[in-house]
Amino acid sequence: MKMESDSGTAAAEEDYVGEKFDRAAESAGDEDEIVESDLELDGGELVVPDDDDPPQKMGDPSVAVSDESRDAAQACKAKAIDAVSEGKLDEAVEHLSEAILLNPTSAILYATRASVFVKLKKPNAAIRDADEALQINPDSAKGYKSRGMAKAMLGRWEEAAKDLHLASKLDFDEEIDSVLKKVEPNVQKIEAHRRKYERLRKEREMKKAQLERQRRRAEAEAAYERAKKEQTARSKASDPEVNDPAAAAALQDGNVISIHSSSELETKFRAASNLSRLVILYFTATWCGPCRFMAPLYKSLAEKHPRIVFLKVDIDELGDVAHRWNVNSVPTFFFVKNGKEIDKVVGADKNGLERKIALHAGESENQVEEEPVEHAPGE
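An unreviewed UniProt entry lists the chain under the name TPR repeat-containing thioredoxin TDX, with Ananas comosus given as the organism.

Listed below in structure tokens is the structure:
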């Protein structure tokens, strides 16, 4: 029940972490929702209302133009220029329209009419003519100039600047320069405004991405902690020492335990068996010189291997126990697992004792048991 409780708590913590970062991401999205501020631009004197007149007459580019038609078109153009000089702009448009119908392949006629529409503050009409002029002649400086000025009238500052710069490269004049001086400050403001909000949007996306990375990392950490708690709970549930604390306490980890009775020896064996511990049973005597030599080593080995049970029996004190284990000389070390002898070392063989401990300690830790040797004293 404790394991299920821990698992449930860890799962709840993991869900909480996910919900916490989801709320943080939503909050970041709400708080950082970018609303662009109004952009204050100059050059208002250039801007005019949209003209909504019907489209002007355009020529048929597929018509074959004769020399007579070209000459007549030039005559109409001359009349238009005179009309412009007299301020008769509508009349100039009529003459140019007639010239375009006579010679629809002339870019300069469309560009000239576009310039008149600019003077009439009819930017959309001017753009239509400038487009036609540039389609016929992509290098028409007058076409770019008229279209750039018309776009400035519509507040299309960036497009206007582009056309005016092209016109200036093809055929610079002071009028273009004058208009550019009013257009370019607005273009710079627009570009700065755009960069600002692009940066803000990028920062917002980076913040969201960071929150998402933090959320995933937190969820992974929560999942790891959950798995670790579950593993710990399973280990505790399967650990005999947790289930039998009295046996664990009786074995005095890291110490050599002196045995003073047969019943005490059996108690230690049972406790070791309950905990699947390896036991080393050391028979010694106070008068034994080799035993005195091995005693400090035995003590240090007990400290080094706290999961092994180190027992000591004085053969003069417990002769009957020594007799049952067929002890013929001291020191003698029996290796015991689940109450059965699995190996032994006879004599003050320091290296042999250490090798046997290394061998059986490793097997014990990996829960690998050799087939036990039936011990004669039990028969």
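Right, let's talk about unusual backbone geometry for a bit. Backbone torsion omega between Val330 and Pro331 reads 0°, so that peptide bond is classified as cis. By secondary structure assignment, the location of Pro331 is in the loop between α13 (319-324) and β4 (332-337). A positive phi angle, close to 55°, is found at Ser276, a residue other than glycine. Mapped onto the elements of the fold, Ser276 is located in the loop between α11 (262-274) and β2 (278-284). Take Ser276: its relative accessible area is 40%, and that puts it in the partly exposed class.

To continue, consider helix α3 (residues 89-102). With 14 residues, α3 extends 20 Å from end C-alpha to end C-alpha; this agrees with the ideal 20 Å at 1.5 Å per step. Those residues of α3 that fall on the buried side of the exposure criterion are Leu89, Ala92, Val93, His95, Leu96, Ser97, Ala99 and Ile100. Next to the buried residues of α3 lie α2 (67-85) and α4 (107-119).

Let us look at the pattern of salt bridges. Between side chains of opposite charge, a pair can form when the charged atoms approach closely. Under the defined criterion, the tally for this structure stands at 24 salt bridges. Glu219 is the salt-bridge partner of Arg215, the closest N and O atoms lying 2.7 Å from each other. Here Arg215 and its partner Glu219 are both found in helix α8 (residues 174-238), 4 residues apart, which amounts to about one turn of the helix. Its relative accessible area of 16% is what places Arg215 among the buried residues. Glu219 sits in the partly exposed class, given a relative accessible area of 25%. For Lys228, the salt bridge is made with Glu225, and the minimal N-O distance between the two is 3.6 Å. Remark: Glu225 and Lys228 occur in helix α8; sequence separation between them is 3 residues, near one turn of the helix. The partly exposed category is assigned to Lys228, whose relative accessible area is 39%. Overlapping salt bridges, with partners in common, bring together Asp131, Arg147, Lys151, Arg156, Glu159 and Asp163 in one network.

Attention shifts here to the layout of surface pockets. Left-over empty space is what a probe sized like a water molecule reveals as it rolls over the atoms. In this structure, the second largest pocket encloses a volume near 310 Å³. Forming the walls of the second largest pocket are 17 residues, and the residues nearest its centre are Val118, Lys119, Met149, Met153 and Glu175. When contributions to the lining of the second largest pocket are tallied by element, the ones reaching two or more residues are α4, α6 (141-153) and α8. The element best represented in the lining of the second largest pocket is α6, accounting for 6 residues.

At a minimum axis separation of 10 Å, α3 and α4 run at an interaxial angle of 160°. What the angle tells us is that α3 and α4 run roughly antiparallel. In terms of crossing hand, the pair formed by α3 and α4 is left-handed. Contacts from Leu89, Ala92, Val93, Leu96, Ser97, Ala99 and Ile100 of α3 reach α4 at Leu109, Tyr110, Thr112, Arg113, Val116, Phe117 and Lys119. Its residues assigned to classes, the contact of α3 with α4 comprises 10 nonpolar, 2 polar and 2 charged.

With that settled, consider the pairing of strand β1 (residues 256-259). The alternating pattern of β1 places Ile257 and Ile259 on a buried face, while none of Val256 and Ser258, on the opposite face, is buried. When β1 meets strand β3 (residues 309-314), the two strands line up parallel, connected through 4 bridges. Paired with Ser258 across the two strands is Lys312, which belongs to β3.

Scoring rules and cut-offs
- Residues numbered from 1 in each chain as written.
- Predicted model: local features only at pLDDT ≥ 70, side-chain atom pairs only at ≥ 80, totals over all residues.
- Heavy atoms only, no water.
- Helix = DSSP H or I, 4+ residues; strand = E, 2+ residues; numbered from the N terminus.
- Buried < 20%, exposed > 50% of the residue type's maximum accessible area, 1.4 Å probe, protein only.
- Expected span 1.5 Å × (residues − 1).
- Contact = heavy atoms within 4.5 Å.
- Salt bridge = Lys/Arg side-chain N within 4 Å of Asp/Glu carboxyl O.
- 1 Å grid on protein atoms, 1.4 Å probe; cavity = no way out; pocket = protein on both sides within 12 Å on 5 of 7 lines; lining within 4 Å.
- Points joined across faces, edges and corners; volume = space filled by probe spheres on them.
- Axes fitted to C-alpha atoms, helices over the stretch in contact; angles between N-to-C directions.
- Parallel < 35°, antiparallel > 145°, perpendicular 65-115°, else oblique.
- Left-handed = near helix turned anticlockwise from the far one by under 90°.
- Nonpolar A, V, L, I, M, F, W, Y, C, P; charged D, E, K, R; others polar.
- Pairing = 2+ DSSP bridges.

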